[in-house]
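The primary structure of each chain is shown beneath.
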Amino acid sequence: MAKMEVKTSLLDNMIGVGDMVLLEPLNEETFINNLKKRFDHNEIYTYIGSVVISVNPYRSLPIYSPEKVEDYRNRNFYELSPHIFALSDEAYRSLRDQDKDQCILITGESGAGKTEASKLVMSYVAAVCGKGAEVNQVKEQLLQSNPVLEAFGNAKTVRNDNSSRFGKYMDIEFDFKGDPLGGVISNYLLEKSRVVKQPRGERNFHVFYQLLSGASEELLSKLKLERDFSRYNYLSLDSAKVNGVDDAANFRTVRNAMQIVGFMDHEAESVLEVVAAVLKLGNIEFKPESRVNGLDESKIKDKNELKEICELTGIDQSVLERAFSFRTVEAKQEKVSTTLNVAQAYYARDALAKNLYSRLFSWLVNRINESIKAQTKVRKKVMGVLDIYGFEIFEDNSFEQFIINYCNEKLQQIFIELTLKEEQEEYIREDIEWTHIDYFNNAIICDLIENNTNGILAMLDEECLRPGTVTDETFLEKLNQVCATHQHFESRMSKCSRFLNDTSLPHSCFRIQHYAGKVLYQVEGFVDKNNDLLYRDLSQAMWKASHALIKSLFPEGNPAKINLKRPPTAGSQFKASVATLMKNLQTKNPNYIRCIKPNDKKAAHIFTEALVCHQIRYLGLLENVRVRRAGYAFRQAYEPCLERYKMLCKQTWPHWKGPARAGVEVLFNELEIPVEEYSFGRSKIFIRNPRTLFKLEDLRKQRLEDLATLIQKIYRGWKCRTHFLLMKKSQIVIAAWYRRYAQQKRYQQIKSSALVIQSYIRGWKARKILRELKHQKRCKEAATTIAAYWHGTQVRREYRKFFRANAGKKIYEFTLQRIVQKYFLEMKNKMPSLSPIDKNWPSRPYLFLDSTHKELKRIFHLWRCKKYRDQFTDQKKLIYEEKLEASELFKDKKALYPSSVGQPFQGAYLEINKNPKYKKLKDAIEEKIIIAEVVNKINRANGKSTSRIFLLTNNNLLLADQKSGQIKSEVPLVDVTKVSMSSQNDGFFAVHLKEGSEAASKGDFLFSSDHLIEMATKLYRTTLSQTKQKLNIEISDEFLVQFRQDKVCVKFIQGNQKNGSVPTCKRKNNRLLEVAVP
Ligand SMILES: Nc1ncnc2c1ncn2[C@@H]1O[C@H](COP(=O)(O)OP(=O)(O)OP(=O)(O)O)[C@@H](O)[C@H]1O
Ligand SMILES: [Mg+2]
């Protein structure tokens, strides 16, 4: 299936700006901020035009996967977000398709990621270029050259655990199809001083540690080595182990790589023997020995090590021993031999070790070249990858830094030249008017260093070759004379008085204003390092070795080819190789990778702004941007430009029929972009200002949103409509089905309802008929019954007289009559007496006569009572009335009452009328006497009684003396208010008088009488008939009587039988009168 190509751009989803050329405003701060922002988002790559800035992430990012390789493959440079693969792809395609040789220049300080970048470029190219067994072998050899060179040329430093201690330039050669054919590696300036001495915290080259850790015991004994690092003076011990590095495993990798690259087994062994020899050289120690001429001569302390070295290298021990003690200087035909002192011997030893190692390294590079060189003679396309140390500014800068910085000056120059050249060429190609670009050209600094007549390097060489005493100071003096007036040279002692008082500039130093900043160089060691002297005796001794490799490393030791001319100095050698390199680079299309180290801690996620700022300055990155932006900041071919922005104009959207250029013209006119902001090239549009581009981008973004909305709208509309139609269709189907179902259901329901109704109606009709039929039947039956009864009646009526049907009733009635008759007859005989108090009554003979019997008894009783009453005379009637009254008043209230019932009420017990004794009394009373009786009047004071005649008339109550018959007291009945008595069986009673009445002056009366009941009854009746008032009769065992002023309580108590049955009365105190009742 064809892969759909998606057109994208670097400008999509940018974090910060992906291309610094587009940075607005452009200054150091915005530059760093942009880098930081991108770094924080894991965007470690940023462009300056076609230059890639790479910030070391110090951790593995998932951006180098085979998928990423595929993403970037055959894509335009600005199509995807910045990546080293984009640059690699661009370079590779330009090489393959446009036949342009390429070079990739990777710069940056130690630890910035140059070597990693070079490996990434190589691996990308390897991944995208042609395939096939042969091609793959070439690729593999090219890639595997890296571990070998890294083992011998890299070391752990404080800045980088895998720091390249040499500069490397590798040409990868391709055939016309773009398949790799082979390669050529050039190396520059190996830091050989590291072999004999390492700064604190750093290590010697990896290979020494790898060999000791990873070699088998067998190999070690063959090389006469011991595994213990501490046995070797040349190995620094404090940092012999590097975190995360497995030296033993790496040794195996290196051996394997050597095999792949094409080293024979014996070659690899020879190499390790040389390494062992160098290691052992360090263990040779010297001691002074006095000579006859008074000078000290150095002697080897322990010859064991020397012996082993000689065995290893096949050198005659005496030759080597002599070479460490004597130095032969040959001039013309003369040979002068001088002895070496101990210091000179050590110097010679170290020089030998350094030379041996650096020559071995060069030999390795050559050997690798031999293996990887292209086999054909056909014309090749070349891609060069330069991984060289970047600009260095240390605290103490020496010859090495000077050389390195010189190299960087040259690279900067070539960058400027090529960038401008390319820019200019592009303008010409595109037919754009060239405008002058103002930028700093560092040619003047290069000239200061490399000028053949008065350049610093020339001065140094001159000084080294000069006879007489030559020191670093004399060299500085020379510089002070020659370079004094140079703008970029600064020295305290120069003729130029500018720096006389500059204390930041010590006397033994000079300072150069490089394009990337000022660097202060210590002049000490310049001469020595430039001379790079190895005593001829030593090189000759080496040449004499039977070890083929060592012999080949020291060709100048061959006496047959003796060359009295000095070997070229290090400075001039380097200058020459830099010049070659530059020449080489100038013929190629340059691609730049500028590596930046974000922090000093080798740690991920940390971005130290000051450190980055420093690097940006000396890498001249701002300068880069300015140069790049000098003319037009942005350019793009018409097609992609039109493609990207065509939606901004009606004429070009959605399709533009004409040529792309015309389309872009229409577009820009429509958008009213000022004409000075852009120019039309032949194939590209050139935009002067990033602002304009961003405006376009903003418009595009806005428009894209609108378009997205539009598409969304239409899509949603379409979707909704489709959905709606589907729903509608479905709805109809569902409705149809539902209706059918509903109708079916309804029909069923109606049907069953009809059936039910039908059945009910039928039932009802049937029942109705049944009812009628039943009715008819019953009518018939009734008629039959009635007829039958009627007939029966008729018949019975007719025949009754012939039956004894009523005999039972008649017998019953008769029997009943007889019983009743008998009952009444018997009752007549059994009647009780006519005494109303007779309770007898015959028993009831029959139960059914019970009510009759009771009624009869009642009637009889009423009848005999009537009979009884009818016998009464008026007088007797009165007596009975009184008795009745007495009963009502006292029955069940006074204990005396029952005894009074049998006594007839006589009233006048004293026959006053007849007794002459009471003649006087009788005369005094005119009225009818109701009661005349003797009573005991109780003395109020002591309770003793006196007899008095008690008389009651119609209106008065009278008391008279019993003997004389004289009236003692007379009380009108109206003044009598109350009679009090006890409930007991005594005859005491009190007559209460109305308070304030005349009779009451002496107080109430207290009497005792045998006829109390009669007297009280008569008093009550008389008072009622006379005064129409009911006399109050109080029956109580305790009541109050008024005696004169006092109220005395009369209390009835149960007395003893001592005094017989007569109650006794006693005044207890003035408040209490006690009556004891037996
Ligand atoms: N792209 C990267 N991804 C992950 N880690 C990286 C990357 N680049 C560099 N590093 C890390 O940084 C370390 C230093 O990188 P490198 O050796 O390439 O630096 P250099 O610039 O070559 O330094 P020197 O000048 O000392 O040789 C590497 O060992 C690796 O751990
Ligand atoms: Mg490196």
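Up top is the structure.
Counting restarts for each chain, with residues numbered from 1 along the sequence as it is written. The order in which chains are written sets their letters, starting at A; the order in which ligands are written sets their numbers, starting at 1. Where totals are concerned, whole chains, interfaces and linings use all residues; where local detail is concerned, this predicted model gives features only for residues with pLDDT of at least 70, and gives and counts side-chain atom pairs only at 80 or more. Side-chain calculation: all heavy atoms of the structure are included, whereas hydrogens and water are not.

Thoughts on the overall build of the protein chain
Turning to step 1, where the next piece is worked out: Numbering goes from the N terminus for both helices and strands, where a helix is a DSSP run of H or I of at least four residues and a strand is a run of E of at least two. A count of helices and strands for the protein chain gives 31 helices and 31 strands.
Turning to step 2, where the next piece is worked out: Two things to know: the radius of gyration comes from C-alpha atoms, and the globule rule equals 2.2 Å times the number of residues to the power 0.38. Relative to its length of 1078 residues, the protein chain is extended, with a C-alpha radius of gyration of 79 Å against a globular reference of 31 Å.
Turning to step 3, where the next piece is worked out: Over its C-alpha atoms, taken along the principal directions, the protein chain stretches across nearly 230 × 105 × 75 Å.
Turning to step 4, where the next piece is worked out: The proportion of buried residues among the 1078 residues of the protein chain is 47%.
Turning to step 5, where the next piece is worked out: Here, residues are in contact when the closest pair of their heavy atoms is within 4.5 Å. Put simply, 63% of the contacts in the protein chain that link residues at least 6 apart link residues at least 24 apart.
Turning to step 6, where the next piece is worked out: Surface exposure of the protein chain reaches about 57400 Å², of which carbon and sulfur atoms provide 53%.
Turning to step 7, where the next piece is worked out: In the protein chain, 168 positive and 132 negative side-chain charges are present, and the distance between their average locations comes to 20 Å. Classification of residues uses two cut-offs on accessible area relative to the type maximum, computed with a 1.4 Å probe and protein chains only: under 20% is buried, over 50% is exposed, and between them is partly exposed. Accessible areas in this description were obtained via Shrake-Rupley with a 1.4 Å probe; residue shielding takes into account the shown protein chains only. Only four residue types enter the tally: Lys and Arg on the positive side, Asp and Glu on the negative side, with His and both chain ends excluded. Every charge is mapped onto a representative atom, which is NZ of Lys, CZ of Arg, CG of Asp or CD of Glu.

Observations regarding the nonpolar core
Turning to step 1, where the next piece is worked out: We call a set of buried residues a nonpolar core when its members are Ala, Val, Leu, Ile, Met, Phe, Trp, Tyr or Cys and they connect through side-chain atoms within 4.5 Å of each other. F31, F152, F208 and F510 are the most contacted members of the largest nonpolar core, which totals 209 residues.
Turning to step 2, where the next piece is worked out: The biggest single contributor to this core is helix α12 (residues 342-372), with 14 residues.

Concerning helix α22 (residues 621-629)
Turning to step 1, where the next piece is worked out: Here α22 lies mainly inside the structure; 7 of its 9 residues are buried.
Turning to step 2, where the next piece is worked out: Buried within α22 we find L621, L622, N624, V625, V627, R628 and R629.

Considerations on the site of ligand 1
Turning to step 1, where the next piece is worked out: One heavy atom within 4 Å of a molecule or strand is enough for the residue carrying it to be called near that molecule or strand. The environment of ligand 1 is made up of 17 residues, and the closest members are S110, K114, T115, S163 and S164.
Turning to step 2, where the next piece is worked out: Polar contacts here mean pairs of N or O atoms no more than 3.5 Å apart (in protein, one a potential hydrogen donor and the other a potential acceptor; neighbouring residues in sequence count only if both atoms are side-chain atoms). Interatomic distance of 2.9 Å between a backbone N/O atom of G113 and an oxygen atom of ligand 1.
Turning to step 3, where the next piece is worked out: E116 has a polar backbone atom sitting 2.8 Å from an oxygen atom of ligand 1.
Turning to step 4, where the next piece is worked out: Its free accessible area being 630 Å², ligand 1 has 85% of it covered by the protein chains.
Turning to step 5, where the next piece is worked out: Ranked by residues supplied to the shell around ligand 1, first place goes to helix α4 (residues 114-128) with 3 residues.
Turning to step 6, where the next piece is worked out: Grouping the constituent residues of the shell around ligand 1 by class yields 4 nonpolar, 9 polar and 4 charged. Throughout, the ten residues Ala, Val, Leu, Ile, Met, Phe, Trp, Tyr, Cys and Pro are labelled nonpolar, Asp, Glu, Lys and Arg are labelled charged, and all others, Gly among them, are labelled polar.

Brief notes about the pairing of strand β31 (residues 1072-1077)
Turning to step 1, where the next piece is worked out: Burial analysis of β31 places 6 of its 6 residues in the buried class, the great majority of the element.
Turning to step 2, where the next piece is worked out: The alternating pattern of β31 places L1072, E1074 and A1076 and L1073, V1075 and V1077 on opposite faces, both of which are buried.
Turning to step 3, where the next piece is worked out: Pairing between strand β29 (residues 1046-1054) and β31: 6 bridges, direction parallel. The residue of β31 that forms the bridge with I1053 is A1076.
Turning to step 4, where the next piece is worked out: At least two bridges found by DSSP between two strands are what make those strands a pair. Examined bridge by bridge, strand β30 (residues 1064-1069) and β31 share 5 bridges and lie antiparallel to one another. Bridge assignment links C1065 to a residue of β31, and that residue is V1075.
Turning to step 5, where the next piece is worked out: Between the antiparallel neighbours β30 and β31 lie 2 residues.

Observations concerning the sheet that holds β31
Turning to step 1, where the next piece is worked out: Spatially, β28-β29-β31-β30 is the arrangement adopted by the 4 strands of the open sheet, whose pairing is mixed. Taken across any chain shown, the strands that pair with only one partner, and hence form the sheet edges, are β28 (1038-1043) and β30. For this sheet, the mean inter-axis angle between neighbouring strands, taken without regard to orientation, is 30°. Each axis is a line fitted through C-alpha atoms, and for a helix only the stretch in contact is used; angles between axes span 0 to 180 degrees, taken between their N-to-C directions.

Overview of the side chain of K139
Turning to step 1, where the next piece is worked out: Inspection of the secondary structure puts K139 in helix α5 (residues 133-153).
Turning to step 2, where the next piece is worked out: D179 provides the closest opposite charge to the buried, salt-bridge-free K139, at an N-O distance of 7.5 Å.
Turning to step 3, where the next piece is worked out: In this structure K139 touches A126, C129, G130, K131 and P180, once residues within four positions along its chain are discounted. Throughout this description, the term salt bridge denotes a Lys or Arg side-chain nitrogen within 4 Å of a carboxyl oxygen of Asp or Glu.

A word on the environment of A630
Turning to step 1, where the next piece is worked out: Looking at where A630 falls in the secondary structure, it is placed in the loop between α22 and β17 (634-637).
Turning to step 2, where the next piece is worked out: Residues A630 and K978 lie 348 residues apart in sequence; the distance between their C-alpha atoms is 154 Å.

Some words on the coordination of the magnesium ion (ligand 2)
Turning to step 1, where the next piece is worked out: For the magnesium ion (ligand 2), the full set of protein donor atoms is T115 (OG1) and S164 (OG), at a range of 1.8 to 2.0 Å. With a gap of 49 residues between them, T115 in helix α4 and S164 in strand β5 (residues 163-164) connect regions that are remote in the sequence. A donor here means an N, O or S atom no more than 2.8 Å from the metal, or no more than 3.2 Å when the metal is Na, K or Ca. Since water is not included, a site may seem to lack partners.

So, a positive patch on the surface
Turning to step 1, where the next piece is worked out: A contiguous patch of positive charge on the surface is contributed by R762, K765, R767, K768 and R771.
Turning to step 2, where the next piece is worked out: Assignment of secondary structure puts R771 in helix α25 (residues 690-800). Every patch collects residues that have over 30% relative accessible area and no salt bridge, joining them within 9 Å if they carry like charges and within 5 Å if they are nonpolar side chains (Val, Leu, Ile, Met, Phe, Trp, Tyr).

Let's talk about the pattern of salt bridges
Turning to step 1, where the next piece is worked out: Under the counting rule described, the total for this entry stands at 62 salt bridges.
Turning to step 2, where the next piece is worked out: Note that E109 and K597 form a salt bridge whose closest N and O atoms lie 3.8 Å from each other. Taken together, the residues E109 in the loop between β3 (102-107) and α4 and K597 in the loop between β16 (589-596) and α21 (609-619) connect sequence positions 488 residues apart. Just as E109 is buried, K597 falls in that class too.
Turning to step 3, where the next piece is worked out: Put simply, R349 and D350 hold a salt bridge, and the shortest N to O gap is 3.1 Å. Judged on exposure class, the residue R349 and its partner D350 are both buried.
Turning to step 4, where the next piece is worked out: What emerges from the salt-bridge pattern is a single network uniting R165, E191, R194 and E202.

A short note on the state of the cysteines
Turning to step 1, where the next piece is worked out: Cysteine sulfur atoms that pair up within 2.5 Å are treated as a disulfide. Tallied over the entire structure, the rule returns 0 disulfides.
Turning to step 2, where the next piece is worked out: Sulfur of C641: no disulfide; nearest cysteine sulfur belongs to C649 and is 12 Å away.
Turning to step 3, where the next piece is worked out: The buried category is assigned to C641, whose relative accessible area is 1%.
Turning to step 4, where the next piece is worked out: For C1049, which is in no disulfide, the shortest distance to another cysteine sulfur is to C1065 and amounts to 12 Å.
Turning to step 5, where the next piece is worked out: Taking relative accessible area as the criterion, C1049 reaches 14% and is therefore assigned buried.

So, unusual backbone geometry
Turning to step 1, where the next piece is worked out: A cis geometry characterises the amide bond from E24 onward to P25, with omega recorded as -10°.
Turning to step 2, where the next piece is worked out: Tracing the sequence through the fold places P25 in the segment before α1 (28-40).
Turning to step 3, where the next piece is worked out: Along the chain, W653 connects to P654 via a cis peptide bond; the corresponding omega equals 0°.
Turning to step 4, where the next piece is worked out: Along the chain, P654 falls in the loop between α23 (638-645) and α24 (660-670).
Turning to step 5, where the next piece is worked out: The backbone of Y58 shows a phi angle near 55°, a positive value even though the residue is not glycine.

Examining helix α9 (residues 265-281)
Turning to step 1, where the next piece is worked out: Expected span of a helix: the number of residues minus one, times 1.5 Å. Helix length check: α9, at 17 residues, gives a terminal C-alpha distance of 24 Å against a target of 24 Å (1.5 Å per residue), a fit within 8%.
Turning to step 2, where the next piece is worked out: Counting buried residues along α9, 14 of its 17 residues qualify, which places the element largely inside the surrounding structure.

Concerning empty space enclosed by the protein
Turning to step 1, where the next piece is worked out: Lining residues are defined by having an atom within 4 Å of a point belonging to a cavity or pocket. Those points lie on a 1 Å grid over the protein atoms alone, cavities being sets where a 1.4 Å probe fits but cannot get out and pockets being open sets with protein on both sides within 12 Å along at least five of seven lines. Grid points are joined across faces, edges and corners, and a volume is the space filled by probe spheres set on the points. The tally for this structure, following the rule as stated, stands at 7 cavities of 30 Å³ or more.
Turning to step 2, where the next piece is worked out: Within this model, the largest cavity holds a volume of roughly 80 Å³.
Turning to step 3, where the next piece is worked out: In this structure, the largest cavity is lined by M122, V125, A126, C129, K139, L142, L143, I172, F174 and P180.
Turning to step 4, where the next piece is worked out: Those elements that place two or more of their residues in the lining of the largest cavity are α4, α5 and β6 (167-174).
Turning to step 5, where the next piece is worked out: The residue inventory of the lining of the largest cavity, partitioned by class, reads 9 nonpolar, no polar and 1 charged.
Turning to step 6, where the next piece is worked out: A volume near 70 Å³ is recorded for the second largest cavity.
Turning to step 7, where the next piece is worked out: Every residue along the wall of the second largest cavity is listed here: T115, S118, K119, N146, L149, E150, N154, S164, F166, K168 and D387.
Turning to step 8, where the next piece is worked out: Listing elements by their share of the lining of the second largest cavity, those giving two or more residues are α4 and α5.
Turning to step 9, where the next piece is worked out: Of the residues that constitute the lining of the second largest cavity, the class distribution is 2 nonpolar, 5 polar and 4 charged.

Some words on the sheet that holds β3
Strand pairing in a sheet relies on backbone hydrogen bonds. The paired strands run either parallel or antiparallel.
Turning to step 1, where the next piece is worked out: What the 7 strands build is an open sheet, ordered β1-β2-β16-β3-β12-β6-β7; its pairing is mixed. In this open sheet, the two strands that pair with only one neighbour each are β1 (45-48) and β7 (180-188). Strand-to-strand, the axes of this sheet are offset by a mean angle of 20°, without reference to chain direction.
Turning to step 2, where the next piece is worked out: With 7 bridges connecting them, β6 and strand β12 (residues 381-387) associate as antiparallel partners.

What to know about the packing of aromatic side chains
Turning to step 1, where the next piece is worked out: Each pair of aromatic rings taken from Phe, Tyr and Trp, with Trp reduced to its six-membered ring, is defined by centres within 6.5 Å and is described as stacked if the planes are under 30 degrees apart, edge-to-face if over 60, and tilted in the remaining cases. What the rule picks out here adds up to 46 aromatic pairs.
Turning to step 2, where the next piece is worked out: The interplanar angle of 85° and the centroid separation of 5.1 Å between the aromatic rings of F77 and Y78 together place this pair among those described as edge-to-face.
Turning to step 3, where the next piece is worked out: Three or more aromatic residues joined by ring pairs form one cluster here, namely F399, F402, F475, F489, F510, Y521 and F526.
Turning to step 4, where the next piece is worked out: Two conditions define a charge sitting above a ring: the NZ of Lys or the CZ of Arg must be within 6 Å of the ring centre, and it must be within 35 degrees of the ring normal. Directly above the ring of Y232 sits R231, whose terminal nitrogen or CZ lies 5.8 Å from the centroid.
Turning to step 5, where the next piece is worked out: One cation-aromatic arrangement involves R367 over F263; the distance from NZ or CZ to the ring centre is 5.2 Å.

Some thoughts on the packing of helix α13 (residues 399-430) against helix α15 (residues 456-465)
A packed helix pair is summarised by two numbers, namely the angle formed by the two axes and the spacing between the axes.
Turning to step 1, where the next piece is worked out: Across the interface, α13 lies against α15 with an axial gap of 12 Å and an inter-helix angle of 140°. Residue-level contacts link F399, F402, I403 and Y406 of α13 to I456, L457 and L460 of α15.
Turning to step 2, where the next piece is worked out: Across the contact of α13 with α15, the residue classes tally to 7 nonpolar, no polar and no charged.

Describing the environment of D316
Turning to step 1, where the next piece is worked out: With respect to the helices and strands, D316 occurs in the loop between α10 (303-313) and α11 (317-323).
Turning to step 2, where the next piece is worked out: When the C-alpha positions of D316 and K544 are compared, they lie 7.9 Å apart, and in sequence the two are 228 residues distant.

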